[in-house]
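Survey of secondary and tertiary structure
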Amino acid sequence: MELPLVISIFVGALLAIGFAAIMAKRVLGFDEGTDRMKKISASIRSGANAYLKRQYTIVLIFFAVMFVVLCGMAIAGLLTPYVPFAFITGGFFSGLSGFVGMKIATAANARTANACRTGLNKGLRVAFSAGSVMGFTVVGLGLLDISIWFTLLKYVFGLDPEGITAAMLTFGMGASSMALFARVGGGIFTKAADVGPTSSVRSRRASPRTIPVTLRSSRIMSAITSATLRVWAPTCMRAMSALLSPALRSA
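Residues numbered from 1 in each chain as written. Predicted model: local features only at pLDDT ≥ 70, side-chain atom pairs only at ≥ 80, totals over all residues. Heavy atoms only, no water.

1. Details of the overall build of the protein
We count it as follows: The helix and strand labels rest on DSSP assignments: H or I over at least four residues marks a helix, E over at least two residues marks a strand, and numbering proceeds from the N terminus. Type-normalised accessible area, obtained with a 1.4 Å probe on protein chains alone, sets the label of each residue: buried when under 20%, exposed when over 50%, and partly exposed for intermediate values. Residues are treated as being in contact if the distance between any of their heavy atoms lies within 4.5 Å. For every accessible area listed, the method is Shrake-Rupley and the probe measures 1.4 Å; residues are considered covered only by the protein chains on display.
Along the backbone of the protein there are six helices and zero strands. Each helix and strand of the protein, ordered N terminal to C terminal, gives the series α-α-α-α-α-α. Out of the 251 residues belonging to the protein, those deemed buried represent 33%. Restricting the contact set of the protein to residue pairs at least 6 apart, pairs at least 24 apart contribute 79%. Surface summary for the protein: the accessible area is close to 14,500 Å², and the carbon and sulfur share equals 71%.

2. Thoughts on the packing of helix H2 (residues 35–75) against helix H3 (residues 83–116)
What counts is decided by this rule: Fitted lines through C-alpha atoms give the axes, limited to the stretch in contact for helices. The angle between two N-to-C directions lies from 0 to 180 degrees. The labels follow the angle: roughly parallel below 35 degrees, roughly antiparallel above 145, roughly perpendicular from 65 to 115, and oblique for the rest. The nonpolar class holds Ala, Val, Leu, Ile, Met, Phe, Trp, Tyr, Cys and Pro. Asp, Glu, Lys and Arg form the charged class, and all remaining residues, Gly among them, are polar.
Remark: H2 packs on H3, axes separated minimally by 10 Å, with the N-to-C direction vectors making an angle of 175 degrees. As summarised for this structure, H2 and H3 are arranged roughly antiparallel, according to the angle between their axes. Residue classes in the contact of H2 with H3 are distributed as 23 nonpolar, eight polar and two charged.

3. A look at helix H1 (residues 3–28)
So the rule is basically this: The span you would expect from a helix comes to 1.5 Å times its residue count less one.
For H1, spanning 26 residues, the distance from its first C-alpha to its last is 38 Å, which sits close to the expected 38 Å at 1.5 Å a residue. Residues of H1 that are buried include every one of Val-6, Ala-13, Ala-16, Ala-20, Met-23, Ala-24 and Val-27, and no others. In this fold, the buried residues of H1 make contact with H3 and helix H4 (120–156).

4. Let's talk about the pattern of salt bridges
Heads up, the rule is: Note on definitions: salt bridges are taken to be side-chain nitrogens of Lys or Arg within 4 Å of carboxyl oxygens of Asp or Glu.
Tallied over the full model, the rule gives two salt bridges. Notably, a salt bridge pairs Glu-32 with Arg-45, separated by 3.3 Å at the nearest N-O pair. Of the two residues, Glu-32 sits in the loop between H1 and H2 while Arg-45 sits in helix H2, which places them 13 residues apart along the sequence. Accessibility expressed as a relative area gives 14% for Glu-32, which makes it buried. For Arg-45, a relative accessible area of 24% corresponds to the partly exposed category. Across the salt bridge formed by Arg-111 and Glu-32, the nearest N and O atoms sit 3.8 Å from each other. With Arg-111 in helix H3 and Glu-32 in the loop between H1 and H2, the pair connects residues that are 79 residues apart, well separated along the chain. Arg-111 sits in the buried class, given a relative accessible area of 10%.

5. Some details on the environment of Thr-112
With respect to the helices, strands and loops of the structure, Thr-112 is situated in helix H3. For Thr-112, a relative accessible area of 17% gives the class buried. Along the backbone, Thr-112 and Val-27 are 85 residues apart, and their C-alpha atoms lie at a distance of 9.0 Å. The contact partners of Thr-112, leaving out residues within four places of it in the chain, are Gly-123, Val-126 and Ala-127.

6. A closer look at the confidence of the model for the protein
Heads up, the condition is: pLDDT expresses, on a scale from 0 to 100, how confident the predictor is about each individual residue.
For the protein, per-residue confidence averages 79 on the pLDDT scale, and 73% of positions sit at 70 or higher. The least confident element of the protein, judged by mean pLDDT, is helix H6 (residues 210–250) at 54; the most confident is H1 at 91.

7. Section: the packing of aromatic side chains
Worth spelling out the cut-off: Stacked, tilted and edge-to-face are the three classes assigned to paired rings of Phe, Tyr and Trp, where Trp is represented by its six-membered ring and a pair needs centres within 6.5 Å; plane angles under 30 degrees give stacked, over 60 edge-to-face, the rest tilted.
By the definition in use, this model includes seven aromatic pairs. Clustering of aromatic rings is evident, with ring pairs tying together Phe-62, Phe-63, Phe-87 and Phe-181.

8. What to know about H4
Turn by turn, an α-helix covers 3.6 residues, leaving residues three or four places apart pointing in a common direction. Between its first and last C-alpha atoms H4 spans 52 Å; for 37 residues at 1.5 Å apiece the expected length is 54 Å, and the two agree. Gly-158 lies just past H4 and shows a positive phi near 65 degrees.

9. Here we look at the side chain of Arg-111
How we decide: The term polar contact refers here to a pair of N or O atoms within 3.5 Å; inside protein, the definition further demands a hydrogen-donor-capable atom paired with an acceptor-capable atom, and it admits residues adjacent in sequence only when both atoms are side-chain atoms.
There is a polar contact of 3.4 Å between the side chain of Arg-111 and the backbone oxygen of Val-27. Sequence-distant contacts of Arg-111, that is, excluding residues within four places in its chain, are made with Val-27, Leu-28, Phe-30, Asp-31, Glu-32 and Val-126.

10. Quick word on the packing of H3 against H4
At a minimum axis separation of 9 Å, H3 and H4 run at an interaxial angle of 170 degrees. By the criterion of interaxial angle, the relationship of H3 to H4 is roughly antiparallel. When its residues are assigned to classes, the contact of H3 with H4 shows 19 nonpolar, eight polar and three charged.

Structural data, given as C-alpha cells:
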C-alpha cells in the first residue's frame, strides 16, 4: 500500500470522526422534553455510567495482564515488539467507540421520544442521527488506528510485510477482545434491566403469589450470568490461542 493511499485513509478517518461529532452536536441540540422525561433519562444515564465504570475496570485488568503476556512473548522472540502495543491500541479505540456510543444513546433516548410527540419523521431523524454517531465513530477510529500503525511500521520502523501483518492482526485481536467484553457485559446488564424493574414492582406488592415468581426471576438471572461467564472465558482464551498459534509455530 503506497503512502498516498495511506494518507487518503487517514483523511477519510478524520472526516468520519468529524461527521460523527457534528451529528452528536445535532442530537444534543434537541429538547429532552418534560421534566419527567428528563428525570427518567437521567436515571438511565446513571445506570449506564455505573455499568461502564464496572466493565472498564475489569477490562483494564484484562488488558494489563495480556500486555504483560505479549511483552514476555516479544522478549522471548516469539512476536515482534510492536504486537503488545498494537493489542492495547486496538482495545483502547474499541472501548472508546463503545463509550461514545453509550453516551450518545443515553442522551438521545428522551430527545427521540420527545421528537415523536410532534411527528414520527422528526423522531426518526433524531434516532438516525444518534445511530450514525456510533457507526461513523467505529469506522473513523478503526481507520485512524490502522493508518497510523501502517505508516509507523512501514515508513518509520521499516518492517517487512510479515511483521506488519502480525502487528495489524494483533490490533484486530485487541479490538475484538474489547468487543467480546462489551457483548457479554452488555447482555448481562440488559438482562438486569429487564428483570430488575419487574422484581422491584413485585416486591412492593409483596403478595404470596408474586414472591415465588420474583425469587425465580432472580435465580434465572444469576444462573444466566454464571453460565455466560463460564462459557465465555474459555472460549475467549481458545480464540486467542488459535490466533497466536501460527506465530508460535513459525518461531
